[in-house]
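If you want the building blocks of each chain, they are given just below.
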Amino acid sequence: MSAEQFLELAGIPLLLFVILMYYGMRLWIMKDITAIRGKNKPPVKDEAAYAKAAGQLMVFFAVATLLMMVLLFWNLYAAVAEIVVCTVILGILWSRMNKKYGE
C-alpha cells in the first residue's frame, strides 16, 4: 500500500483524530471551555469539572476515530458500525455531563 492510498483511506479519520485530541487536551489540561461553548450560552455550574469531563469525552471520541481508521483497513461495515455506536455513546454521555455540570 502506497502513502497515497493510505492517506486516501485514512486521511480524514487521522485529521479528525488530531483535531479531537487538540480540543480534548485543551479542555482537559488547560480547562478552557470557551472553545466549545457558544457565546450565547449561560455559564456552567462547575467549570473545572465540566472541562475535565468534556476533555475526557473528546479523547474517547478521538480514540474511537483512530479505531475506526484501523477497522477501515479490515472491514468498512465494521468501521461504520463502530463509529455510529461510539457517536451514540458520546451523545448520551455528553448529555449527562451537560445536565450534571452545565446548565
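Bear in mind the structure is a predicted one, so any value in this text is a computation, not a measurement.

Within a pair of aromatic rings, the relevant descriptors are the distance that separates the centres and the angle that separates the planes. Under the definition given, this model contains 1 aromatic pair. Consider the rings of Tyr-22 and Tyr-23, whose centres lie 5.1 Å apart with planes at 75 degrees: the pair is edge-to-face. On the basis of relative accessibility, which here comes to 47%, the residue Tyr-22 falls in the partly exposed class.

Time to look at the packing of helix H2 (residues 47-74) against helix H3 (residues 76-101). For the pair H2 and H3, the least separation of the axes is 8 Å and the interaxial angle reads 175 degrees. Comparing the axis directions of H2 and H3 gives the class roughly antiparallel. In terms of residue class, the contact of H2 with H3 is made up of 25 nonpolar, 3 polar and 1 charged.

Turning next to the confidence of the model for the protein. When pLDDT is averaged along the protein, the result is 89; 97% of the residues meet or exceed 70. Within the protein, H3 carries the highest mean pLDDT (95), whereas helix H1 (residues 3-30) carries the lowest (86).

Attention now goes to the pattern of salt bridges. Going through the model one piece at a time under the given rule, you end up with 1 salt bridge. We note a salt bridge from Asp-32 to Arg-26, for which the minimum N-O separation is 2.7 Å.

On to a nonpolar patch on the surface, then. Judged by side-chain polarity, Leu-76, Val-80, Val-84, Val-88 and Ile-92 come together as a nonpolar surface patch covering roughly 420 Å² of accessible area. By secondary structure assignment, the location of Val-80 is in helix H3.

Moving on: the nonpolar core. Side chains that are nonpolar tend, in soluble globular proteins, to be buried together. In this structure, Ile-33, Phe-61 and Met-97 are the most contacted members of the largest nonpolar core, which totals 22 residues. In terms of residues, this core owes the most to one element, H2, which gives 12 residues. Ignoring anything within four residues of it in the chain, the contact list for Met-97 reads Tyr-50, Ala-53, Ala-54, Leu-57 and Gly-102.

Another aspect to go through is H3. For H3, built from 26 residues, the straight-helix expectation of 38 Å at 1.5 Å per residue is met to within 8% by its first-to-last C-alpha distance of 37 Å. Those residues of H3 that sit buried are Ala-79, Glu-82, Ile-83, Cys-86, Leu-90 and Met-97. Buried positions along H3 lie against H2. The N-cap of H3, judged by a side-chain oxygen 2.9 Å from the amide nitrogen of Tyr-77 a few residues on, is Asn-75.

What follows covers the environment of Ala-53. Topologically, Ala-53 is positioned in helix H2. Residue classification places Ala-53 among the buried residues on the basis of a relative accessible area of 15%. Separated by 31 residues in the primary sequence, Ala-53 and Tyr-22 have C-alpha atoms spaced 15 Å apart. Excluding residues within four positions of it along the chain, Ala-53 makes contact with Met-97 and Tyr-101.

What counts, and where the lines are drawn
Counting restarts for each chain, with residues numbered from 1 along the sequence as it is written. Totals for whole chains, interfaces and linings use every residue, but because this is a predicted model, local features are given only for residues with pLDDT of at least 70 and side-chain atom pairs only at 80 or more, for both listing and counting. Water and hydrogen atoms were dropped before computing side-chain values, which therefore reflect all heavy atoms in the structure. Two rings belonging to Phe, Tyr or Trp (six-membered ring only in the last case) form a pair when the distance between their centres is within 6.5 Å. Interplanar angles under 30 degrees mark stacking, angles over 60 mark edge-to-face geometry, and anything in between is tilted. Three exposure classes are used, based on accessible area relative to the maximum for each residue type with a 1.4 Å probe and protein chains only: buried under 20%, partly exposed in between, and exposed over 50%. Angular values range over 0 to 180 degrees, each being the angle between N-to-C directions of two axes fitted as lines to C-alpha atoms, with helices fitted over their stretch in contact. Helix numbers and strand numbers start at the N terminus; a helix is a DSSP run of H or I with at least 4 residues, a strand a run of E with at least 2. For classification, angles of less than 35 degrees are called roughly parallel, those exceeding 145 degrees roughly antiparallel, those between 65 and 115 degrees roughly perpendicular, and all remaining angles oblique. All residues other than Ala, Val, Leu, Ile, Met, Phe, Trp, Tyr, Cys, Pro, Asp, Glu, Lys and Arg, Gly among them, are scored as polar; the first ten of these are nonpolar and the last four charged. Residue-level confidence of the predictor is what pLDDT reports, using numbers from 0 through 100. In the sections that follow, a salt bridge refers to a side-chain nitrogen of Lys or Arg positioned within 4 Å of a carboxyl oxygen of Asp or Glu. Patches draw on residues past 30% relative accessible area with no salt bridge. Two like charges within 9 Å are joined, as are two nonpolar side chains (Val, Leu, Ile, Met, Phe, Trp, Tyr) within 5 Å. Using a 1.4 Å probe, accessible areas were evaluated by the Shrake-Rupley method; residue-level cover was limited to the displayed protein chains. Nonpolar core, defined: a set of buried Ala, Val, Leu, Ile, Met, Phe, Trp, Tyr and Cys residues in which side-chain atoms within 4.5 Å join the residues together. Contacts are assigned to residue pairs that have any heavy atoms within 4.5 Å of one another. By definition here, a helix of n residues has an expected span of 1.5 Å times n minus one. Counted as a polar contact is a pair of N or O atoms within 3.5 Å, where, for protein atoms, one must be capable of donating a hydrogen and the other of accepting one, and residues adjacent in sequence contribute only when both atoms are in side chains.

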